[in-house]
Amino acid sequence: MNIKRRLLTGPLVIVLALLAAHISWAAKSYGGAAVKEGPGVVLEAEYGHEGAAKGGRYVPLDVSISNQKETELEGSLQIRVMESDYEVYRYDYPVFAEAGQEQEMHLYIPMGNRSDQLFVTVADMEGQQIAHKRLQLDFSLDVPELFVGILSDTPEALAGWDRVGVNYGMLRTKTMFFDAADFPQDKLGLDMIDVMLITDFRIRDLSEEQSRVLIEWVRSGGVMILGTGARVDDTLGRFAPELLEEMYEEPEVCSIDMRGHYTQEAPGATVFEIPCVEFSLSGGNIILADESRTFLSAVTYRRGLIAVAAYDFVDIGAFCRENPSYLDKLLTGVLGEKRITSLAESIYSGNSGQYWAVKDMLNTGNVKWLPNMGLYTMEIVIYVFLAGAGLYVFLKQRDLTEYYMGGVIGLSVLFTVIIWLMGSRTRFKDTFYTYARFLEVTYDTISDTAYMNIQAPYNRPHESHLAPGYWVKPVTQNYYGSGMGGTRRQFTGMEAHAIRVDYRQDETLVEIRDVPAFDARYFQMNKVMANKSGIGFEGDIEIDQGKYTGTITSHFKETLENCAVLLYGKLIYLGDMEPGVPYSLEGREVLTYPLNHSYQVAAYLSGQDRFKEADINNDAYMEALAKTNVLTFYLDNFMPDYSPNAKVIGVFSHKGESETYLLNSGTAVGKTVASADISVYSSEDEVIYRSGLVKKPQVSGGSYDFAGNMLYGGEPVTLEYSLGNDVRIEKLLFRQVSPIFTQRGFVHNLNLFAGNMYFYNHSTGKFDLMDSMKTVYEGYELTPYLSPGNTVTVKYVYENMTDYSLNVLLPLVEIVGREY
């Protein structure tokens, strides 16, 4: 009995000891922070914001390396991650710490979609591991999360913003709080954040660098919501000159009725007496309002969005906590359907959309790099003839047939040399690069984004030496599209890396290994820098009754090609621009282009649509095609949905010379798209010119695509346009898309609207047939058709509704009016 008990107790003790050791190790190795001790080295690491991370984004990583040895520590910090395509990437950073000293590093690591762990290693100069740890990342794999960053002096009052379902649960919010002490100093520190809420906080408490980071983040696509109320000067005051048509009023306590803005989920007050502010955003889209006041309005800010509320969200904190449907409506209205869908799909598709877009943009190719197959065929035919019947007959006539085999060998050597020499022009000898670069310039900053395709003509490891100062991020497809099926590959941290990105002081080295010859690897390179050289576009644009005047001057060093001024739905072609030469808009044709049809617009700008058919042997066509590809990518990814400002763009090329901007060594071929915003002014004070599509029309019948302003299907479309409560309508214009975008070239498959148009008459309750040829309606003509909320309802009946495949471009509605 004692022997049996001893036999059972021994293994049990061992199992319990091992279990305790495993729990202790797991406690150190998992979660937002962990500590790992090596021989004389203590490694600490913490990731994300408040222990949260998001796949497909840059994740902040704080690392502390304590050298407790009596000698200095020199080596590298190695971060291993698995990308969306199951390839293992390693990011290296130099490490140096004197004896008894500590080195702290604040890094940003690009994470693959649904990649839930990373491995951190400290290695010496020989690559031997000194300390190693594993970090398990905490993020949702089920419900896509909307990361909401919050800057507030009273964060506890904003607890209701956490775990709110948005747009029928497509997204779920996750909040993380910042203050002036821990706010990021680099734009990548906000890469995980989708929405930044700033309320009851003095923005000027941020440092100059932090303020720049916040602005650049919004310009790059971030969404910022500003609360105002009694502290309007602390929040909106920073942006008032840029955003407002006129200065806001002083805060006043007023009555706010929340009924109609939410579905009541708990008993409690629905009317609040709180400080509110009267304001009017220039080109703003009203999201929440009543008959007398705007509660929430939003305006495009470059690629991002700034929303402004009339009150401080802290003042309604308890209401938001008890009634999350209010926040659901607010966030749904601010973000819009397009952003919400993109964020929701990213958890499944990751950056696959970007991967295919980058691949299509960079893989235009150059037929000059292809061998002349006709010439090679002729050489082979000549060789076969000479080595066969030709040589035999020649030798037989001279009774020298015994030299036939020697002659065949000689001819083989000769033609081998000839073919080798013929291939020297098209033979790749080393790594080659193609790229597309996008410069977004303001008076004080340059946002530099480049996409690089790295290929080598062999399958042995090779290195690329990139210019320093850029953050380098791989562009990969997700594992569903990479030939792996749906099976997740295990990532233990012991796998050999396929790609290594080594950040050095004077360069960034990219090592690629274990890939087939000519296998393309794509990388995104980003940096933001001060505009010390003063490059950009300078000018002013004035609008008067639909006519645009002003001058534009390029301060770029290069001659810019295919330049144009783009407004919302409007295009003015400038052509090539020399540095320092002013170009007048006077007398230039103003075209109306189809919304969300970037390829058609790019093909017009590049001149590709002037070719009747594709011709890859035509240098001019291939040049136009390459420009079309980069311009299409720019319009899809950098052009804002709507902006009251104009955008000036142009293209310049590097055709094989050393690309010093992106590479330390090597030759790159590519194109750069340069752009800058130009303000647009009205010729008369208080006159407003803006699109009637700033706010999405309400669809009460038929099938309508808002992004492209198109009807489709077999039924008429009825749209209610919201023209804004802040304007007295003097004219309503219906601009047809210019025929040049639908009739010229081979790239178009669009149809202009032709048919009957009806206005809803609020006096009779019926639709009135309007003159289909009329494009301008005066204010007095619109009296029976404008609702008390300043909306107009229009029914479009296309003349040929039998073709269900048609994409019919509706007219773009424009407003001319005066402020109330």
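The rules behind each value
- Residues numbered from 1 in each chain as written.
- Predicted model: local features only at pLDDT ≥ 70, side-chain atom pairs only at ≥ 80, totals over all residues.
- Heavy atoms only, no water.
- Helix = DSSP H or I, 4+ residues; strand = E, 2+ residues; numbered from the N terminus.
- Buried < 20%, exposed > 50% of the residue type's maximum accessible area, 1.4 Å probe, protein only.
- Areas by Shrake-Rupley, 256 points an atom, 1.4 Å probe, with all protein chains shown as cover.
- Patch = residues over 30% accessible without salt bridge, like charges linked within 9 Å, V, L, I, M, F, W, Y side chains within 5 Å.
- Salt bridge = Lys/Arg side-chain N within 4 Å of Asp/Glu carboxyl O.
- Pairing = 2+ DSSP bridges.
- Axes fitted to C-alpha atoms, helices over the stretch in contact; angles between N-to-C directions.
- Phe/Tyr/Trp six-rings, centres within 6.5 Å; stacked < 30°, edge-to-face > 60°.
- Lys NZ or Arg CZ within 6 Å of the ring centre and 35° of its normal.
- Contact = heavy atoms within 4.5 Å.

Draft legend 1. Inspection of the overall build of the chain at higher detail. Within the chain, the regular secondary structure consists of 12 helices and 47 strands. For the chain, the residues scored as buried account for 52% of the 820 residues in total. When the accessible surface of the chain is split by element, carbon and sulfur atoms take 52% of a total near 37000 Å².

Draft legend 2. Structural detail: a nonpolar patch on the surface. Residues Leu375, Met378, Ile382, Phe385 and Leu386 make up a contiguous nonpolar surface patch of roughly 420 Å² in combined accessible area. Tracing the chain through its elements places Leu375 in helix α8 (residues 373-396).

Draft legend 3. Spotlight on the sheet that holds strand β40 (residues 727-735). Taking strand neighbours across the sheet as the criterion, the 4 strands line up as β35-β47-β40-β44 in an open arrangement whose pairing is antiparallel. On the outer flanks of this sheet lie β35 (687-691) and β44 (776-778), each paired with one strand and no other. Between one strand and the next, the sheet's axes are offset by a mean angle of 20 degrees, whatever the strand orientation. Pairing of β35 with strand β47 (residues 812-819), which is carried by 5 bridges, proceeds in the antiparallel orientation. Paired with Ser691 across the bridge in β47 is Glu814.

Draft legend 4. Representation of unusual backbone geometry within the structure. Not every positive phi belongs to a glycine, and Tyr86 is a case in point at roughly 75 degrees. Along the chain, Tyr86 turns up in the loop between β4 (73-82) and β5 (88-97). A residue is classified by how much of its surface remains accessible, and Tyr86, at 3% relative accessible area, is buried. Although it is not a glycine, Asn709 sits at a positive phi angle of roughly 50 degrees. Structurally, Asn709 can be placed in the loop between β37 (703-705) and β38 (710-712).

Draft legend 5. Structural view of the packing of aromatic side chains. Counted under the stated rule, the structure contains 33 aromatic pairs. Relative to Trp471, the ring of Tyr58 lies with its centre 6.5 Å away and its plane at 70 degrees, an arrangement referred to as edge-to-face. Here Tyr58 is found in strand β3 (residues 58-67), whereas its partner Trp471 is found in strand β22 (residues 471-475), with 413 residues between them in sequence. Given a relative accessible area of 19%, Trp471 falls into the buried group. On the numbers, 6.2 Å between centres and 45 degrees between planes, the contact of Phe295 with Tyr311 is tilted. Of this pair, Phe295 sits in strand β17 (residues 294-301) while Tyr311 is found in the loop between β18 (304-309) and α5 (317-322), placing the two residues 16 residues apart along the sequence. Take Phe295 and Tyr311: they sit in the same class, and that class is buried. These aromatic residues form a ring-pair network of at least three members: Tyr58, Tyr93, Tyr108, Trp471 and Tyr503. Cation over ring: Lys54 sits above Phe147, and NZ or CZ is 4.6 Å from the ring centre.

Draft legend 6. Structural detail: the sheet that holds strand β13 (residues 223-226). Pairing in this open sheet of 8 strands is mixed, and the strands run β10-β11-β9-β12-β13-β18-β17-β16 from one edge to the other. The open sheet is flanked by β10 (165-166) and β16 (285-289), the only strands paired with a single partner. Here strand β9 (residues 145-151) runs beside strand β12 (residues 195-198); their pairing, made up of 4 bridges, is parallel. Across the sheet, the residue bridging to Ile150 is Leu197, located in β12. Of the strands in this sheet, β9, β10, β11 (171-178), β12, β13, β16, β17 and β18 are in contact with helix α6 (residues 324-349), which crosses β13 at around 170 degrees.

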